[in-house]
Amino acid sequence: MNPLRVLTGITTTGTPHLGNYVGAIRPAVAASLQPGSESFYFLADYHALIKCDEPARIQRSTLEIAASWLACGLDPERVTFYRQSDIPEIPELTWLLTCVTGKGLLNRAHAYKAAVDKNLAGGAEPDDGVTAGLFMYPVLMGADILMFKAHQVPVGRDQIQHIEMARDMAASFNHLYGEHFVLPEAAIEESVATLPGLDGRKMSKSYDNTIPLFAPREQLHKLIMGILTDSRAPGEPKDTEGSALFQIYQAFASAEETAAMRQAYAKGIAWSAAKEQLFERIDRELAPMRERYQALMQEPARIDRILRAGADKARRLASPFMAELRHAVGLRGLEGLGTPAPAPKAAKASLPQFKQYRERDGKFYFKLTDAHGRLLLQSLGFDAPREAGQLIATLAQQGSAALANHQAQLEPLAEVGLAELDQALAQLRDAAQDKR
Ligand code: TRP
C-alpha cells in the first residue's frame, strides 16, 4: 500500500513562538517519526509575499523558521523539507488550476470576504487595497497540496476552507482531463490546544502577546514573569480555569506534573512561585533545542544546502508530474499532427517506443525513442531480459524520478532534457490508458 502522505506549509512572515511550537512544530515532528507515513514540510514564501512587502523580513523569517524546525528535531533525511519558491513547478501548476477554478469560488474565500466586508463597512470600494495575490491565495495553496498528491494536510481551523477548495480544484481538473490528482483532506489535531499568550488571549502575532520560541533564557524568564494573572495574594486558593499560566504549563508538563500544579493552585501557591515553576519546566524542554537553534543560525549556508537538497527531492516528483499534466491539458509537442486523419498504423508510429534487444555480448538492452525515432534513453546490458523489462516498467510508471536510482543501468543522458523524457513517458501512459 502507498504510505499516507502528509503535507503542510508554514508562511515565512514571522519568528516562531511558543504557540507555533505547541500547535504545529511539536506535533508535526512527532508525526514525521511515525512509520507508514511520508511527510512534506515547506516554507511558503510565495504566500508570504501576499502579506509582506519587506524583503529582509521574508528572508530572515525563512532562516528562523527553517532553523527552528530543524532544531526541534525535523530530520531532513526522513522527510521532504523545502522552500516553496525553489519549486518552479508550483507557479506553473497554479496557472493550470487557475483555469479550472470558478471565480465565484474564490469570491467566497474567508480571507478575501473579510477584506471586502471591512471595506464596505468603512464606506470604501469593495476591492480597495485587495491585491490579486490575496484573491488567488487559495489557488497557490491548492497547487502546493495537489502537486505532491498529499492525502492529509494538518492545518488550523482557519485553513479548512482552503483544503476544501483544493479538493474542488482537483475534482474539476480530474473531471476535465482524467484522474491526475488525489483529493486531499484537512487533518485537524483535536488534542492540541491553542496556547494562550501573555494577555490570556490566543497567542498570536496579531495580538502582540507572543513568547518567541527561542528567546534567550533570561528573556524567556522575563516574559513568563509578565504573564497576566488575577490579583489573588499568596496563600489564597487560585482557579486553574481560565488561568493562562496553568494552560501553558499543561502544554509542557506530564499528567503528574499538571496534577501537582493543580494542587498547588488549590493550596494558594504565590503567582511568582507558579511562574518560576512554569519557566523551569519550559526551559527544561527548550534548552537543548535552543542550543541547536543558535548553532544553526550561525550557519545560514548550511540551512540553504538542506533546503536545496529538499527541493531536489521534491522536484524529482514535481517535474515528471508537471510533464504529465502539461500533456494532459494539451500543452504538447506538435509531432504526429502532420498527417491529416492518420490511419491506425500511422498513429502507432507517432508514439515513443521502448525497444528491447540482445547484443553480441549476450546481454539484454533496451532503448527509448521518441515519435521520430530520436534516441531518448539507452540502457546498459542486463543479464536477463526480465531485468530490462522491470526497469522499463519502473520508468513508464515513475518517469524521470526513477533515473536517480538506476544510474548504474543507463547511459548518461547527454542532450535529452528531463522534461522531454517525461513528456514521452506521459504520452505512452496516455496511449495505454486510451486503449483500456
Ligand atoms: N496558508 C497556510 C497558513 O497560513 C500556509 C500554507 C501555504 C499551507 N500553503 C499550504 C498549509 C499548503 C498547508 C498546505 O497557515
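Residues numbered from 1 in each chain as written. Predicted model: local features only at pLDDT ≥ 70, side-chain atom pairs only at ≥ 80, totals over all residues. Heavy atoms only, no water.

This part covers the side chain of E324. Along the chain, E324 falls in helix α13 (residues 300-329). For E324, a relative accessible area of 15% translates into the label buried. Once residues lying within four places of it in the same chain are set aside, the contact partners of E324 are H180, A426 and R429. (Helix = DSSP H or I, 4+ residues; strand = E, 2+ residues; numbered from the N terminus. Buried < 20%, exposed > 50% of the residue type's maximum accessible area, 1.4 Å probe, protein only. Contact = heavy atoms within 4.5 Å.)

Before going further, it helps to examine the site of the ligand. Near the ligand there are 14 residues, and of these G9, Y137, M141, D144 and Q159 occur at the shortest range. Between the ligand and the protein, one listed contact pairs a nitrogen atom with a side-chain N or O atom of D144 at 2.8 Å. In the complex, the protein chains occlude 88% of the 360 Å² of accessible area that the ligand would expose alone. Put simply, the parts of the chain that give the shell around the ligand at least two residues each are β1 (4-11), β2 (37-44) and α7 (132-147). Here the residues of the shell around the ligand sort into eight nonpolar, five polar and one charged. (Near = heavy atom within 4 Å. Polar contact = N/O pair within 3.5 Å; in protein donor to acceptor, adjacent residues only side chain to side chain. Areas by Shrake-Rupley, 256 points an atom, 1.4 Å probe, with all protein chains shown as cover. Nonpolar A, V, L, I, M, F, W, Y, C, P; charged D, E, K, R; others polar.)

Turning to the domain arrangement of the chain, a few remarks are in order. The figure often quoted for interface size is the accessible area lost as the parts come together. Under the domain assignment used here, the chain contains domain 1 (4-194 + 299-329), domain 2 (214-297) and domain 3 (353-435). Between domain 1 and domain 3, the C-alpha centre-to-centre distance is 34 Å. Taken together, the six residues of domain 1 in the interface contact 12 residues of domain 3. Together domain 1 and domain 3 conceal approximately 710 Å² of surface at their shared face, both sides included; 61% is due to carbon and sulfur atoms. (Domains from an automatic or database assignment. Buried area = accessible area lost by both parts, 1.4 Å probe.)

The next subject is the packing of helix α11 (residues 255-266) against helix α12 (residues 271-297). α12 packs onto α11 with a crossing angle of 170 degrees between their chain directions and a minimal axis gap of 11 Å. Between α11 and α12, the crossing angle belongs to the class labelled roughly antiparallel. On α12, the residues that touch E257, M261 and Y265 of α11 are W271, A274, Q277, R281 and R284. Residue composition of the contact of α11 with α12, by class: four nonpolar, one polar and three charged. (Axes fitted to C-alpha atoms, helices over the stretch in contact; angles between N-to-C directions. Parallel < 35°, antiparallel > 145°, perpendicular 65-115°, else oblique.)

One can find L120 in helix α6 (residues 110-121). Given the relative accessible area of 48%, L120 is considered partly exposed. Separated by 65 residues in sequence, L120 and P55 have C-alpha atoms that sit 31 Å apart.

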